[in-house]
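Here's the letter readout for the chains.
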Amino acid sequence: MDYRQKTDAPVLESPQDAVLQEDLEQLLQDGMVPFELLKNKTVFVTGATGLLGSQIIKALLCSNRVLGTNTRIFALVRSEQKAGQVFGGLLSRGDLQLVYGDVSKVPECAHDIDYVIHGASATSSRYFVTNPVETILTAVNGTANMLAFAKQKQAKGFLYLSSLEVYGTPSQDAGLIAESYSGYIDPLKVRSSYSEGKRMVECLCASYTAEYDVPVKIARLSQTFGAGVTYDDGRVFAEFARCALEKKDIVLHTKGQTVRSYCYTKDAVAAMLLILLKGEPGGAYNVTNMDTKISIADMAQLVCDTFDKAGIQVTFDMPDDVESFGYNPEMVIALDSTKLASLGWKPTVGLKEMFTRLAASMKPDSAAEWR
């Protein structure tokens with residue numbers, strides 16, 4: 001199929017997923033993101049076919065269609081086939097252009113670029129363990145290339161998508177984790193390839209701001225999910241939702257004592273764009289809904305209770321080789337998003353609704369049953 005065939009009418013951003021389309025349009029109505037600052041600007045996005053990268057792009061395209069912001073988006077992609085699956089008819093609109101390649105080298109783009117959003121990263125916990133060298137090199141070398149690109153283009157803003165994992169294992173009395181907290185990471189554990197890579201990259205970002213005046217802002221994301229997650233996603237929240245949809249018991253391979261806070265996809269997209277446009281250069285911002293703090297075991301039970309018609313329960317099956325799964329050590333880590341709130345951000349979707357919207361998005365034919 002030729003996705004670039006021109007059409008007269010603007011194509012909706014998510015015509016196959018009504019929940020995600022609703023999110024994108026609601027994001028504009030929430031009023032937290034000053035989309036007018038992106039009027040007639042160009043934005044370059046890496047990790048463009050991933051969950052958050054693709055939703056950032058679709059939010060910008062939705063702003064173009066609804067608000068007339070006329071933002072031009074360049075999306076760095078490795079696979080034309082996957083880009084076609086993710087963006088479909090949007091590739092006919094003219095405000096989205098694909099750039100083929102990856103972050104292993106500085107992208108070639110002849111156009112002026114106002115903003116860079118760098119989200120390309122390894123994302124699988126198992127991959128961090130089986131390919132720790134590649135995890136580190138993708139983080140460090142890939143970001144170095146994108147920072148050089150932003151410097152070359154004299155970009156007005158650069159957003160790096162980091163992670164709560166930069167905090168490592170907090171002390172038991174740490175409480176809510178603010179951006180100034182350092183935590184502990186064991187550099188000799190191969191699972192630390194992701195966490196240490198993110199830490200080094202954050203230092204690299206701050207260094208580019210200090211030495212070359214590249215206005216880098218950092219979003220430290222808590223685990224983020226909601227509409228737009230694919231049915232075969234391997235992360236724990238998707239597994240829980242799949243179990244409910246397939247009416248299968250949730251099987252935990254640990255005691256599920258790790259406590260985290262989470263964020264809904266729409267809220268995270270609003271946060272990231274707000275940080276890009278309003279954040280302090282060289283600064284980092286936690287992105288989380290502080291009201292969602294919960295243990296893995298309790299979250300599994302919440303899913304069972306929320307989808308009570310599925311008739312499922314939580315069971316435990318702890319393997320001897322649990323480290324091969326790439327799980328982090330059990331810990332309590334709840335981020336403090338007060339600094340982000342000072343920019344005008346607030347979460348709009350709670351944990352239970354996060355799961356109902358996730359399930360409705362993953363399996364649209366059951367949407368009415370779960371919403």
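Keep in mind that this is a model prediction, so the values were computed, not measured. (Residues numbered from 1 in each chain as written. Predicted model: local features only at pLDDT ≥ 70, side-chain atom pairs only at ≥ 80, totals over all residues. Heavy atoms only, no water.)

Draft legend 1. Layout of the pairing of strand S6 (residues 216-221). Of all six residues that make up S6, six are buried, and the element is covered over most of its length. Strand direction decides the pairing type here: strand S5 (residues 157-163) and S6, joined by six bridges, are parallel. Pairing of serine 163 across the sheet is with leucine 221, part of S6. As a crossover connection, the stretch from S5 through helix H6 (residues 192-212) into S6 is right-handed. Bridging between S6 and strand S10 (residues 284-287) involves four bridges; their strand directions are parallel. Within S10, the position partnered with isoleucine 218 by the bridge is alanine 284. (Buried < 20%, exposed > 50% of the residue type's maximum accessible area, 1.4 Å probe, protein only. Helix = DSSP H or I, 4+ residues; strand = E, 2+ residues; numbered from the N terminus. Pairing = 2+ DSSP bridges. Right-handed = clockwise from strand over helix to strand, strands pointing away.)

Draft legend 2. Main features of the packing of helix H9 (residues 296-306) against helix H11 (residues 351-362). Running from amino to carboxyl end, H9 crosses H11 at an angle of 65°, the nearest separation of the two axes being 10 Å. As H9 packs across H11, the resulting crossing turns out to be right-handed. Residues Met299, Leu302, Val303 and Thr306 of H9 lie in contact with H11, whose contacting residues are Leu351, Lys352, Phe355 and Thr356. Across the contact of H9 with H11, the residue classes tally to five nonpolar, two polar and one charged. (Axes fitted to C-alpha atoms, helices over the stretch in contact; angles between N-to-C directions. Left-handed = near helix turned anticlockwise from the far one by under 90°. Contact = heavy atoms within 4.5 Å. Nonpolar A, V, L, I, M, F, W, Y, C, P; charged D, E, K, R; others polar.)

Draft legend 3. Local environment of the packing of helix H1 (residues 18-30) against helix H2 (residues 51-67). Between H1 and H2, whose axes approach to 9 Å, the crossing angle comes to 65°. Seen from above, H1 lies across H2 with right-handed handedness. Within the contact between the two elements, H1 uses Leu20, Gln21, Leu24, Glu25, Leu27 and Leu28 and H2 uses Gln55, Lys58, Ala59, Cys62, Ser63, Arg65, Val66 and Leu67. For the contact of H1 with H2, the per-class residue count stands at eight nonpolar, three polar and three charged.

Draft legend 4. Summary view of the nonpolar core. By size, the foremost hydrophobic cluster in this structure holds 85 residues, and its most contacted members are Met272 and Phe355. For this core, the element with the highest residue contribution is helix H8 (residues 265-278), accounting for ten residues. Residue contacts for phenylalanine 355: discarding those within four places in its chain leaves Phe225, Phe237, Phe240, Met299, Leu302, Val303 and Phe307. Formed by 23 residues, the second largest nonpolar core is a distinct cluster that contains Phe74, Val99, Val103 and Ile113. (Core = buried A, V, L, I, M, F, W, Y, C linked by side-chain atoms within 4.5 Å.)

Draft legend 5. Looking closely at the pairing of S5. Across the seven residues of S5, seven count as buried, placing the element largely inside the fold. A two-sided burial pattern is seen for S5, the buried positions comprising Gly157, Leu159, Leu161 and Ser163 on one face and Phe158, Tyr160 and Ser162 on the other. Of the strand pairs in this sheet, strand S4 (residues 115-118) and S5 are connected by four bridges, and their pairing is parallel. Paired with tyrosine 115 across the two strands is glycine 157, which belongs to S5.

Draft legend 6. View of the pattern of salt bridges. Across all of its chains, the model carries 14 salt bridges by this definition. A salt bridge links aspartate 95 to arginine 93; its shortest N-O distance comes to 2.8 Å. Neither aspartate 95 nor arginine 93 differs from the other in exposure class; each is buried. Aspartate 114 is the salt-bridge partner of lysine 156, the closest N and O atoms lying 2.7 Å from each other. Pair noted here: lysine 156 is in the loop between helix H5 (132-153) and S5 and aspartate 114 is in the loop between strand S3 (96-100) and S4, with a separation of 42 residues, a long-range link. Judged by its relative accessible area of 12%, aspartate 114 is buried. (Salt bridge = Lys/Arg side-chain N within 4 Å of Asp/Glu carboxyl O.)

Draft legend 7. Quick peek at the sheet that holds S3. As summarised here, the arrangement of the seven strands in space is S3-S2-S1-S4-S5-S6-S10, forming an open sheet in which the pairing is parallel. Of all strands in the sheet, those bounded by a partner on one side alone are S3 and S10. Sheet twist, expressed as the mean angle between neighbouring strand axes with direction ignored, is 20°. Of the pairings in the sheet, the one linking strand S2 (residues 72-77) to S3 comprises five bridges and is parallel in character. Counted as the bridge partner of leucine 76 is valine 99 from S3. Against the sheet, H2 contacts strand S1 (42-46), S2, S3, S4 and S6, and its axis sits at roughly 160° relative to S2. On top of the sheet, H8 reaches S4, S5, S6 and S10; it is set at about 160° to S6, its chief contact.

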